[in-house]
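# Topology and contacts: notes
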Amino acid sequence: MPRPTGNVRLKSARVAAGFNSQQDLANALTENAKHLGIRGLSVGVRQVRRWESDNPPWPQPDCQRVLVHLLGQSMEALGFTPPWGSDGPQPHRTRRAVVIGGTAALGLTVVPGRFATAHQPATAGTDFEAVTRSHRRLYWSVAPTKLHPAVIAHATLGCALLPETTDSTRRTLAAALAETYLLAGRIEFFDLREPSTASDTLLLALQSAGEADDAILGSAIIAHMAFIPGWVGDRDVALERMIAARTYARRAPASAEFLAWLDAVEAECETRCGNTRNALHLIGHAEDVLQTGNEHPSPEWMDWFSPARLAAFKGNTQMIAGHFPQARETLLAALDAMSPGEDKQRSVVYGDLAAVEATSGNPEQACEYAYQALDQLAVTWYATGMDRVREVRRALTPYQHERCVSDLDDRLYDWSTTVSVLSY
């Protein structure tokens, strides 16, 4: 007989209390919150599913209150690992134990009275922030597989330090921790192609941003979370997250650049979902926002967007919409406008230019751009850029007997490139 999996303690308590489905429990928790005077708490079946998984996240305080009240058992008895440690049975740990540990440590920050007296000096926040800033810069030059472990280790340290800080030091450290988890999530999604892991990491980033009460950082994190469903065509979830991201952006002064980036993110999600008309409208709005500008500066950590990158978004959408002459012109302009620090994105633009030429019946020019993309990838590896090159090779199938395509295959499947591709 197979051994039960997931958080069997919570599942058993749910069934024993008469809630036969996860939806039944979600509905009861939402109703129970109203009776307890907790306003605005709505528990969905997705949240209950996460609580009954192998690695249940530590619930927020209001959720803890209704769970304990409704099921009549402590959080530990319901199968949750308390952030302050436990001698009882531990949930099953995956290879991402460090991230799950981060969840527990962050749970500590929102449970009043559960942490020890702060004893870190006032400089702890800025010292931690300095390392975060260095990791952010290193992202553009260090191989993702080398940088990611260091970023996660830094986040683990931040989780340990956070309960030992107070006031402005605590807010500074929490904001830097949110940025650290955001960087880790970006690496996991864009570079390592681990969307489910990135989803968990970005949730930790959002929890940290909440501890710092940083609405703009929260907006950036939620917008990154929209990429995950957007890239697999789940438009409803992606747009729901974009609504949340825009809501957070309204709570604090947002720069024109930041608002334009939100348009660009939603445009990419719409493009992935087949709605290129909507996407081009959003990009046009982003261009207007950038041109008009406003008095608010962009946050220091926002180093992933520029007018050149907006042009790259636009060229990709034009290409997918079948507007090949316009796409070619836009992508070439984007290349000319890119700074030396935008090398990762440069490989994507070369890949899109190759795709335009392949679809337009110009295999030799397509291969030439693909070679340039591979040259760039040899310097700064980027999984998204390699995806573009592989898509181009599929588009070149009708020309596979031509010499230029054979040469591309030799380059695409040399030892180093093949190993890199198969590692992701």
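### Re empty space enclosed by the protein
- Under the definition given, this model contains 5 cavities of 30 Å³ or more.
- By volume, the largest cavity amounts to about 390 Å³.
- Looking at the largest cavity, it is lined by 25 residues, and the ones nearest its centre are Phe190, Glu268, Phe313, Gln345 and Tyr382.
- Taken together, the elements giving at least two residues each to the lining of the largest cavity come down to α8 (167-191), α10 (215-230), α12 (256-272), α14 (307-320), α16 (343-359) and α18 (383-395).
- In terms of residue class, the lining of the largest cavity is made up of 13 nonpolar, 6 polar and 6 charged.

### Observations regarding the environment of Gly361
- With respect to the helices and strands, Gly361 occurs in the loop between α16 and α17 (363-379).
- Counting along the chain gives 35 residues from Gly361 to Leu396, while the straight-line C-alpha distance between them is 9.0 Å.

### Let's talk about the nonpolar core
- Ile221, Phe258, Trp261, Trp304 and Phe305 are the most contacted members of the largest nonpolar core, which totals 102 residues.
- In terms of residue count, the dominant contributor to this core is α8 (13 residues).
- Excluding anything up to four places from it in sequence, Phe305 contacts Glu257, Ala260, Trp261, Ala264, Leu290, Leu310 and Phe313.

### Looking at the pattern of salt bridges
- Under the definition given, this model contains 22 salt bridges.
- Here Arg193 makes a salt bridge to Asp387, at a shortest N to O gap of 2.4 Å. Here Arg193 is found in the loop between α8 and α9 (195-212), whereas its partner Asp387 is found in helix α18, with 194 residues between them in sequence.
- Accessibility expressed as a relative area gives 22% for Asp387, which makes it partly exposed.
- Close ionic contact of Arg246 with Glu266 constitutes a salt bridge, the shortest N to O distance being 2.8 Å. One end of the pair, Arg246, is in helix α11 (residues 235-249); the other, Glu266, is in helix α12, and 20 residues separate them in sequence.
- For Arg246, a relative accessible area of 24% gives the class partly exposed.
- Overall, the relative accessible area of 14% leaves Glu266 in the buried class.

### What to know about unusual backbone geometry
- Positive phi outside glycine occurs at Asp167, with the angle close to 55°.
- With respect to the element layout, Asp167 can be found in helix α8.
- Phi is positive for Arg193, close to 60°, though the residue is something other than glycine.
- The class of Arg193 is partly exposed, set by a relative accessible area of 26%.

### Focus on the packing of aromatic side chains
- This structure, assessed with the given rule, holds 12 aromatic pairs.
- Aromatic pair Trp261 and Trp304: ring centres 5.3 Å apart, planes at 55°, arrangement tilted. With a gap of 43 residues between them, Trp261 in helix α12 and Trp304 in the loop between α13 (276-292) and α14 connect regions that are remote in the sequence. In terms of burial, Trp261 and Trp304 fall into one category: buried.
- By the ring-pair criterion, three or more aromatic residues cluster together here, those being Phe189, Phe190, Phe227 and Trp231.
- The side chain of Arg251 reaches across the aromatic face of Tyr248, ending 4.4 Å from its centre.
- One cation-aromatic arrangement involves Arg272 over Trp231; the distance from NZ or CZ to the ring centre is 3.8 Å.

### Details of the environment of Gln291
- With respect to the element layout, Gln291 can be found in helix α13.
- Along the backbone, Gln291 and Ala260 are 31 residues apart, and their C-alpha atoms lie at a distance of 10.0 Å.

### Some words on the side chain of Asn7
- Structurally, Asn7 is set in the segment before α1 (8-16).
- Judged by relative accessible area, which is 5%, Asn7 ranks as buried.
- Only 3.1 Å separates the side chain of Asn7 from the backbone oxygen of Trp51, close enough to count as a polar contact.
- When near neighbours in sequence (up to four residues on either side) are disregarded, Asn7 contacts Trp51, Glu52, Ser53, Pro56, Leu78, Gly79 and Phe80.

### Comments concerning the packing of α14 against helix α15 (residues 324-337)
- Where α14 meets α15, the closest approach of the two axes is 8 Å, and the angle between their N-to-C directions is 160°. By the angle between their directions, the pair α14 and α15 is classed as roughly antiparallel. Read as a crossing pair, α14 and α15 show a hand that is left-handed. Along the contact surface, α14 presents Ala308, Ala311, Ala312, Lys314, Gly315, Asn316, Gln318 and Met319, while α15 presents Phe324, Gln326, Ala327, Thr330, Leu331, Ala334 and Ala337.
- Counted by class, the contact of α14 with α15 contains 9 nonpolar, 5 polar and 1 charged residues.

Criteria and thresholds
Numbering of residues starts from 1 in each chain and follows the order in which that chain's sequence is written. With the structure being a predicted model, the display of local features is reserved for residues of pLDDT at least 70 and the display and counting of side-chain atom pairs for 80 or more, all residues being used for whole-chain, interface and lining totals. Heavy atoms throughout the structure, all of them, feed into the side-chain values; hydrogens and water do not. A cavity here means a set of 1 Å grid points, computed over protein atoms only, where a 1.4 Å probe fits but cannot escape. A pocket is an open set with protein on both sides within 12 Å along at least 5 of 7 lines, and lining residues have an atom within 4 Å of a point. Grid points are joined across faces, edges and corners, and a volume is the space filled by probe spheres set on the points. Runs of E in the DSSP output that reach at least two residues are strands. Runs of H or I that reach at least four are helices, and both are numbered from the N terminus. Think of it as three bins: nonpolar holds Ala, Val, Leu, Ile, Met, Phe, Trp, Tyr, Cys and Pro, charged holds Asp, Glu, Lys and Arg, and polar takes everything else, Gly as well. As used in this record, nonpolar core signifies buried Ala, Val, Leu, Ile, Met, Phe, Trp, Tyr and Cys residues forming a set joined through side-chain atoms within 4.5 Å. Burial classification: accessible surface area is computed with a 1.4 Å probe over protein chains only, and a residue below 20% of its type maximum counts as buried, one above 50% as exposed, and the rest as partly exposed. In what follows, residue pairs with any heavy atoms lying within 4.5 Å of each other are defined as contacts. Whenever a carboxyl oxygen of Asp or Glu lies within 4 Å of a side-chain nitrogen of Lys or Arg, that contact is scored as a salt bridge. Ring pairs shown here join Phe, Tyr and Trp side chains whose ring centres sit within 6.5 Å, with only the six-membered ring taken for Trp; geometry is labelled stacked below 30 degrees between planes, edge-to-face above 60, and tilted in between. Placement of a positive charge over a ring is assigned whenever Lys NZ or Arg CZ falls within 6 Å of the ring centre and within 35 degrees of the normal to the ring plane. Pairing of N or O atoms within 3.5 Å defines a polar contact, subject to two protein rules: one partner must be a possible hydrogen donor and the other a possible acceptor, and residues neighboring in sequence count only if both atoms are side-chain atoms. Between N-to-C directions, angles cover 0 to 180 degrees, with each direction set by a line fitted to C-alpha atoms, over the stretch in contact for helices. For classification, angles of less than 35 degrees are called roughly parallel, those exceeding 145 degrees roughly antiparallel, those between 65 and 115 degrees roughly perpendicular, and all remaining angles oblique. What makes a crossing left-handed is the near helix being turned counterclockwise from the far one by less than a right angle; a clockwise turn instead makes it right-handed.

As far as function goes, none of this settles anything; it's purely spatial.
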